[in-house]
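Descriptive structure summary
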Amino acid sequence: MSTKHASLFTVAILMGSTAMADVPNVAVDIAPVHSLVARVMEGVGTPNLIVPAGASPHEYSLRPSEATALQDADIVVWMGHDLTPWMENAVETLATEASVMTLLEADGTTLLDFREGALFEAHDHDDHDEHDHDKETEAAAHHDHDDHDHAHDDHADADAHEGHDHGAHDPHAWLSPTNAATWLNLIAAELSSADPDNAGTYFANAAAARTEIETLTREVAEILAPVRGESFVVFHDAYQYFEMDFDFPASGAISLSDATDPSPARIAEIKGRVNAEGITCVLAEPQYNLGLVTTVLDGTDANTGVIDPLGVDLELGPALYPQLIRNMANTLAACL
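A short tour of the structure in this document, coming up. As the structure is a prediction and not an experimental result, all values here were calculated from the model.

Some points on the sheet that holds strand S7 (residues 281-284)
- Across the sheet, 4 strands lie side by side as S6-S5-S7-S8; this open sheet has parallel pairing. The sheet is open, and its two edges are formed by strand S6 (252-255) and strand S8 (303-306), each paired on a single side. Averaged over all neighbouring strand pairs, the angle between strand axes comes to 25°, with direction disregarded.
- In the sheet, strand S5 (residues 232-236) pairs with S6 via 3 bridges, with the strands oriented parallel. The partner of Val-234 across the bridge, within S6, is Ala-253.
- Of the strands in this sheet, S5, S6 and S7 touch helix H10 (residues 264-277), which is tilted by about 145° from S6.
- Here helix H12 (residues 320-335) sits on the sheet in contact with S5, S7 and S8, set at roughly 140° to S7.

The structure is reproduced here in structure tokens:
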């Protein structure tokens, strides 16, 4: 190789290394959000996942490799304190140089109130305004005959939950495809700010992904159409964003949104509804013990299935998010 060609080859290698170095290191908390970020970064780079899909994001201990991913991050994308309160300190102490994107605080994100009760009423889904508590109070007044029993059960849940810090909002907002579509452009903007050379790719990927989510939403509506009106109960109250987007409300949850252990009174309340109203389906989750679901199912005719809000058995990457939502719909339809 001539000296001239060797010099040009060296420059090309250096330029390639520089281009790669300019792609930001991105750390993401959970697999579904990782999938959205991976879709926006497709063809440019790959984000790092912090919480494995098989673990509960509500309580988790970082492994050394995950701590390193946070430490090396230029950008951190996470849901926020309400989902992973333990991660807040890790981000503050490890990702000191990173730009932090908190999706639960992002502009345009639809937030739903944290539900304390075991049983859900239709009015929970009638109004999407997070500040509208008057309608809930008014609707509750129509259930006077149950007030004493429900007050006792709610009190028992409150005792069991005392000292556990959760926010005002349900943190499972990624289960709304509407929120996911909103975040895609915000993620593209964040990446473009750190890596303007690839801004065109980021925004083009985000636009394509939004179109894919529109198609996915129509597909899920078709999957659920034959079982619309049937009743189901979930293991923990993680699904109201999915319920809202597809107007397919659950009847109750065995455990609270933060997956803390339910009180005996709460379990009894759920089991009572399953028996009294002929609930068709009680859904378990791969991240949690099946024992509580078995207790609720005992002596009933309800079916069961395993619904996965995180993508335990799915391959990480851009395709995980749409497959996750599709799988949830198929699981629900099969169980009902």
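Points about helix H4 (residues 85-94)
- When H4 is considered as a whole, its buried residues turn out to be Trp-86, Met-87, Ala-90 and Val-91. Each buried residue of H4 sits inside an arc of 130° when the element is viewed along its axis, so together they form one side.
- Its buried side turned inward, H4 meets helix H3 (64-71), strand S3 (75-78) and strand S4 (99-102).

A few points about the nonpolar core
- Among the nonpolar cores identified, the biggest contains 64 residues, and Val-77, Met-79, Trp-174, Leu-175, Trp-183, Phe-232 and Phe-242 are the most heavily contacted of them.
- Not counting residues up to four positions away in its chain, the partners in contact with Leu-175 are Ala-238, Tyr-239, Tyr-241, Phe-242, Pro-309, Tyr-321, Leu-324, Ile-325 and Met-328.
- Core analysis: the next-biggest nonpolar cluster, separate from the first, contains 17 residues, Leu-119, Ala-259, Ile-279 and Val-296 among them.

Notes on unusual backbone geometry
- At Asp-247, a position not held by glycine, the phi torsion is positive, near 50°.
- Its location among the elements puts Asp-247 in the loop between helix H9 (240-245) and S6.
- According to the relative accessible area criterion, Asp-247 is exposed, its value standing at 57%.

Brief notes about the sheet that holds S4
- Here we have 4 strands laid out as an open sheet, ordered S2-S1-S3-S4, and parallel in their pairing. At either end of the open sheet lies a strand with only one pairing partner, and these are strand S2 (48-49) and S4.
- Of the pairings in the sheet, the one linking S3 to S4 comprises 4 bridges and is parallel in character. Residue Val-77 lies in a different strand from S4, and its bridge partner there is Met-101.

Some points on the packing of helix H7 (residues 177-194) against helix H8 (residues 199-224)
- Running from N to C, H7 and H8 point in directions that differ by 175°, and their axes come no closer than 8 Å. On the basis of their axis angle, the class for H7 and H8 is roughly antiparallel. Across the interface between the two elements, Pro-177, Ala-180, Ala-181, Thr-182, Leu-184, Asn-185, Ala-188, Ala-189, Leu-191 and Ser-192 from H7 touch Ala-199, Tyr-202, Phe-203, Ala-206, Ala-209, Arg-210, Ile-213 and Thr-217 from H8.
- For the contact of H7 with H8, the residue count by class is 13 nonpolar, 4 polar and 1 charged.

Section: the packing of aromatic side chains
- Throughout the structure, instances matching the rule amount to 3 aromatic pairs.
- With centroids separated by 5.9 Å and ring planes inclined at 35°, the aromatic side chains of Phe-232 and Phe-248 adopt a geometry described as tilted. One end of the pair, Phe-232, is in strand S5; the other, Phe-248, is in the loop between H9 and S6, with 16 residues separating them in the sequence. The two residues Phe-232 and Phe-248 agree in class, both being buried.

Side note on the packing of helix H2 (residues 31-41) against H7
- Two numbers describe how H2 lies on H7: the axes approach to 10 Å, and their chain directions differ by 55°. Taken together, the axis directions place H2 and H7 in an arrangement best described as oblique. Seen from above, H2 lies across H7 with right-handed handedness. Each of Leu-36, Val-37, Val-40 and Met-41 in H2 lies in contact with H7, whose residues at this interface are Ala-180, Trp-183, Leu-184, Ile-187, Ala-188 and Leu-191.
- Considering only residue class, the contact of H2 with H7 consists of 10 nonpolar, no polar and no charged.

Rules used throughout
- Residues numbered from 1 in each chain as written.
- Predicted model: local features only at pLDDT ≥ 70, side-chain atom pairs only at ≥ 80, totals over all residues.
- Heavy atoms only, no water.
- Pairing = 2+ DSSP bridges.
- Helix = DSSP H or I, 4+ residues; strand = E, 2+ residues; numbered from the N terminus.
- Axes fitted to C-alpha atoms, helices over the stretch in contact; angles between N-to-C directions.
- Contact = heavy atoms within 4.5 Å.
- Buried < 20%, exposed > 50% of the residue type's maximum accessible area, 1.4 Å probe, protein only.
- Arc of directions from axis to C-beta.
- Core = buried A, V, L, I, M, F, W, Y, C linked by side-chain atoms within 4.5 Å.
- Parallel < 35°, antiparallel > 145°, perpendicular 65-115°, else oblique.
- Nonpolar A, V, L, I, M, F, W, Y, C, P; charged D, E, K, R; others polar.
- Phe/Tyr/Trp six-rings, centres within 6.5 Å; stacked < 30°, edge-to-face > 60°.
- Left-handed = near helix turned anticlockwise from the far one by under 90°.

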